[in-house]
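Geometric and topological summary
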Amino acid sequence: MGIEEYGGGQGPRPDVLVVTTNDVPGHRVTEVIGEVFGLTVRSRHVGSQIGAGLKSLVGGELKGLTKTLVETRHQAMERLVEQARARGANGVLAFRFDVTEAADVGTEVCAYGTAVVLAREQ
């Protein structure tokens, strides 16, 4: 993975704008639709577990696990955007991720925020 693949976020001019802030400069909220979320749970395969165990002995980044977490966050965010779009939103405010261990078999990633309808201010 190159450095550009370790980041997150949306491309230019998304149809559903997702922001971590409570408002968007130059826009006003015309309707609050409510909470939306995208959830996924990923298990780690045995190979990455063994590799991570060995790497932890000498230190350094666990690149296999990093790649898995990046992909998992992207999937959770895509699901959040799909839900917001399906409910008629064009924005999600106060976007956050929550990451937890799921019954010792994987990692649960939940992307959540408040779906809204935004209008440009004149």
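Heads up: the structure comes first, above all this text.
Structural notes, computed from the coordinates. Values in this document were obtained by computation on a predicted structure and should not be read as measured data. (Residues numbered from 1 in each chain as written. Predicted model: local features only at pLDDT ≥ 70, side-chain atom pairs only at ≥ 80, totals over all residues. Heavy atoms only, no water.)

1. Examining the overall build of the protein chain
If you tally the helices and strands in the protein chain, you get two helices and four strands. Evaluated residue by residue, the protein chain yields a buried proportion of 28% over its 122 residues. Long-range contacts, defined as pairs at least 24 residues apart, comprise 76% of the intrachain contacts of the protein chain with a sequence gap of at least 6. For the protein chain, the exposed surface amounts to about 7800 Å²; the carbon and sulfur share of it is 52%. (Helix = DSSP H or I, 4+ residues; strand = E, 2+ residues; numbered from the N terminus. Buried < 20%, exposed > 50% of the residue type's maximum accessible area, 1.4 Å probe, protein only. Contact = heavy atoms within 4.5 Å. Areas by Shrake-Rupley, 256 points an atom, 1.4 Å probe, with all protein chains shown as cover.)

2. Re the sheet that holds strand 1 (residues 17-18)
Spatially, 1-3-4-2 is the arrangement adopted by the four strands of the open sheet, whose pairing is mixed. Sheet topology places strand 1 and strand 2 (27-43) at the edges, where each strand pairs with a single neighbour. Taken together, the two bridges between strand 1 and strand 3 (residues 91-102) define a ladder with parallel strand orientation. If you follow Val-18 over to strand 3, its bridge partner there is Val-92. The strands touched by helix 2 (residues 63-86) within the sheet are strand 1, strand 2, strand 3 and strand 4 (106-120), with strand 2 carrying the most contacts at an inclination of about 140°. (Pairing = 2+ DSSP bridges. Axes fitted to C-alpha atoms, helices over the stretch in contact; angles between N-to-C directions.)

3. Considerations on the nonpolar core
Ranked by internal contacts, the top residues of the largest apolar core, which has 16 residues, are Val-18, Leu-80, Ala-84 and Val-92. Counting only elements with at least two residues in this core, the list comes to strand 2, helix 2, strand 3 and strand 4. If we ignore the near neighbours within four places in the chain, the residues touching Ala-84 are Val-16, Val-36, Ala-89, Val-92 and Ala-115. (Core = buried A, V, L, I, M, F, W, Y, C linked by side-chain atoms within 4.5 Å.)

4. Considering a nonpolar patch on the surface
A cluster of nonpolar side chains, Phe-37, Leu-39 and Tyr-112, forms an exposed patch at the surface whose accessible area comes to about 250 Å². With respect to the helices, strands and loops of the structure, Tyr-112 is situated in strand 4. Tyr-112 sits in the partly exposed class, given a relative accessible area of 31%. (Patch = residues over 30% accessible without salt bridge, like charges linked within 9 Å, V, L, I, M, F, W, Y side chains within 5 Å. Salt bridge = Lys/Arg side-chain N within 4 Å of Asp/Glu carboxyl O.)

5. Observations regarding the pattern of salt bridges
The full count for this structure, using the stated rule, is two salt bridges. In this structure, Arg-85 engages Asp-15 in a salt bridge whose closest nitrogen and oxygen atoms are separated by 2.7 Å. With a gap of 70 residues between them, Arg-85 in helix 2 and Asp-15 in the segment before strand 1 connect regions that are remote in the sequence. Classification of Arg-85 as partly exposed rests on a relative accessible area of 40%. The salt bridge partner of Glu-71 is Arg-42, with a shortest N-O separation of 4.0 Å. Placement of Glu-71 in helix 2 and of Arg-42 in strand 2 is noted, with a sequence separation of 29 residues between them. Residue classification places Arg-42 among the partly exposed residues on the basis of a relative accessible area of 25%.

6. Points about the side chain of Thr-72
Turning to its location among the elements, Thr-72 is positioned in helix 2. The residues contacting Thr-72, other than those within four sequence positions of it, are Thr-40, Arg-42 and Val-109.

7. Overview of the environment of Glu-108
Positionally, Glu-108 belongs in strand 4. Glu-108 sits in the partly exposed class, given a relative accessible area of 25%. Separated by 67 residues in the primary sequence, Glu-108 and Val-41 have C-alpha atoms spaced 4.3 Å apart. Apart from the residues within four sequence positions on either side, Glu-108 is in contact with Leu-39, Thr-40, Val-41, Asp-98, Val-99, Thr-100 and Ala-102.

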